[in-house]
Amino acid sequence: MTARTQRTRLLAAGVAAVSVSLVLTGCGSSKSSEGGGAPNASATVNEVKADDKLVALVPADVKSAGKLVVGADASYAPDEFKDDSGKVIGMDVDLANAIAAKLGLKAEVQDSGFTAIIPGIQSNKFQLGMSSFTDNKEREQVVDMVTYFNSGSAIAVKKGNPNKVDPKDLCGKKVAVQTGTTQADEIKDTRNPDCAKAGKPGIQNDGDKFDLQTDVTNAVVSGRDDAMMADSQVVDYAIKQSGGQLEKLGDTYGVAPYGVALAKGSKLTPAVQGAIQSLIDDGTYKQILTKWGVEAGALDKSTVNGAVS
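Note that the coordinates shown come from a computational prediction; the quantities given were computed from them, not determined experimentally.

1. Topic: the pattern of salt bridges
At step 1: For the structure on display, the rule yields ten salt bridges.
At step 2: We note a salt bridge from Asp282 to Lys102, for which the minimum N-O separation is 2.8 Å. Of this pair, Asp282 sits in helix α10 (residues 269-282) while Lys102 sits in helix α4 (residues 91-102), and the two are 180 residues apart along the sequence.
At step 3: By relative accessible area, Lys102 is classed as buried at 8%.
At step 4: Asp236 is the salt-bridge partner of Lys248, the closest N and O atoms lying 3.8 Å from each other. Remark: Asp236 occurs in helix α9 (residues 232-241) and Lys248 occurs in strand β10 (residues 246-263); sequence separation between them is twelve residues.

2. Here we look at the packing of α4 against α10
At step 1: At a minimum axis separation of 9 Å, α4 and α10 run at an interaxial angle of 105 degrees. Considering the angle they form, α4 stands roughly perpendicular to α10. Side by side, α4 and α10 meet where Ala98, Ile99 and Lys102 of the first sit next to Val272, Ala275, Ile276, Ser278, Leu279 and Asp282 of the second.
At step 2: Here the residues of the contact of α4 with α10 sort into six nonpolar, one polar and two charged.

3. Thoughts on the state of the cysteines
At step 1: A full pass over the atoms with the stated rule returns one disulfide.
At step 2: Between the sulfur atoms of Cys171 and its disulfide mate Cys195 the distance is 2.0 Å. Disulfide Cys171 to Cys195: torsion about the S-S bond roughly -95 degrees, handedness left-handed. Of this pair, Cys171 sits in the loop between β6 (143-158) and β7 (175-178) while Cys195 sits in helix α7 (residues 182-197), placing them 24 residues apart in sequence.
At step 3: Relative accessible area serves as the criterion here: at 2%, Cys195 is assigned to the buried category.

4. Remarks on the packing of aromatic side chains
At step 1: Enumeration over the complete set of coordinates arrives at five aromatic pairs.
At step 2: On the basis of an interplanar angle of 50 degrees and a centroid distance of 6.0 Å, the ring pair of Tyr148 and Tyr258 is categorised as tilted. Of this pair, Tyr148 sits in strand β6 while Tyr258 sits in strand β10, and the two are 110 residues apart along the sequence.
At step 3: Among the aromatic residues, those joined into a cluster by ring pairs are Phe81, Tyr237 and Trp292.

5. Points about helix α5 (residues 114-122)
At step 1: Listing the buried residues of α5 in full gives Phe114, Ile117, Ile118, Gly120 and Ile121. Angular distribution of buried residues about the axis of α5 spans 155 degrees; they occupy a single face of the element.
At step 2: Buried residues in α5 make contact with β1 (67-72), β5 (128-129), α6 (137-140), β6 and β10.
At step 3: Asn124, located one to two residues past α5, shows a positive phi value of around 70 degrees.

6. What to know about α9
At step 1: With eight of ten residues buried, α9 lies mostly within the body of the structure.
At step 2: Within the span of α9, buried status applies to Ser232, Gln233, Val234, Val235, Tyr237, Ala238, Ile239 and Gln241.
At step 3: Gly243 sits one or two residues past α9 and shows a positive phi near 65 degrees.

7. Describing the packing of α4 against helix α11 (residues 284-291)
At step 1: Where α4 meets α11, the closest approach of the two axes is 9 Å, and the angle between their N-to-C directions is 160 degrees. Relative to α11, the element α4 is oriented roughly antiparallel. Helix-helix and strand crossings are classified by hand; for α4 and α11 the assignment is right-handed. Residue-level inspection shows Met91, Asp94, Leu95 and Ala98 of α4 in contact with α11, the latter providing Tyr285, Ile288, Leu289 and Lys291.
At step 2: Split by residue class, the contact of α4 with α11 holds six nonpolar, no polar and two charged.

Conventions adopted
Residues numbered from 1 in each chain as written. Predicted model: local features only at pLDDT ≥ 70, side-chain atom pairs only at ≥ 80, totals over all residues. Heavy atoms only, no water. Salt bridge = Lys/Arg side-chain N within 4 Å of Asp/Glu carboxyl O. Helix = DSSP H or I, 4+ residues; strand = E, 2+ residues; numbered from the N terminus. Buried < 20%, exposed > 50% of the residue type's maximum accessible area, 1.4 Å probe, protein only. Axes fitted to C-alpha atoms, helices over the stretch in contact; angles between N-to-C directions. Parallel < 35°, antiparallel > 145°, perpendicular 65-115°, else oblique. Contact = heavy atoms within 4.5 Å. Nonpolar A, V, L, I, M, F, W, Y, C, P; charged D, E, K, R; others polar. Disulfide = S-S within 2.5 Å. Phe/Tyr/Trp six-rings, centres within 6.5 Å; stacked < 30°, edge-to-face > 60°. Arc of directions from axis to C-beta. Left-handed = near helix turned anticlockwise from the far one by under 90°.

Fair warning: the whole summary comes from geometry, so function is off the table for now.
See the structure below:
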């Protein structure tokens, strides 16, 4: 995946408070003047008004409830994370609010473990999952995915790359990843089999896996792990927030679309796709991405089940 699958504030065992304080402060802050260039969470975005044609597509039961319940793993800044007050904010949250407004609804974003979101959609706990899900063929077998953003994978190491990590050859290294993410699958399904074919030791333990992305970042800052793998804009954000403790290694790769997850065959799917396309067309979408510093991932067109792999 390029897209993540999971991700808070708790430190990994053995992490020194001094070494991770900048990371934790950055990921919990909405202030653009702190943490080495955080996005401006207070930037204004044009008010979104309901679109009557899209409202007509909303199923009666959802319309009567007046809201969309959205699952998000709030440890994946700048896409979804908690501010200093504990409120869930981020690019996906702003987009969820805007989608709901286009449909004449309110968004209720609930913090959830990443791997619990798709089962929550299948059990009707959530109508939507907006948590940096890469749209891939495997996910499309169990949920509908409405594309809304492009993201790739990236690798970060401690400043100066003290453990001599080669982004093209991670064999034998300790690499931190979030559980259930595309990057975790990449290690297990691609990188370690390639190491075995080359007669080299694999990435240790198929990756050092954490439930929270903040803990992934801390594992590298503290020196527990040699490198981390995550979605490209998440790596970029972590580097900015680390106060010079991290650096990117190599180029972004494996670019693929994110998708809003909905129940398979949901009658709400065309309404959500229409809302996203309307936000793209009227400029609100670009405002939201620019607010969070991720406009490089903008799409021109939203599609249903548009996985590339």
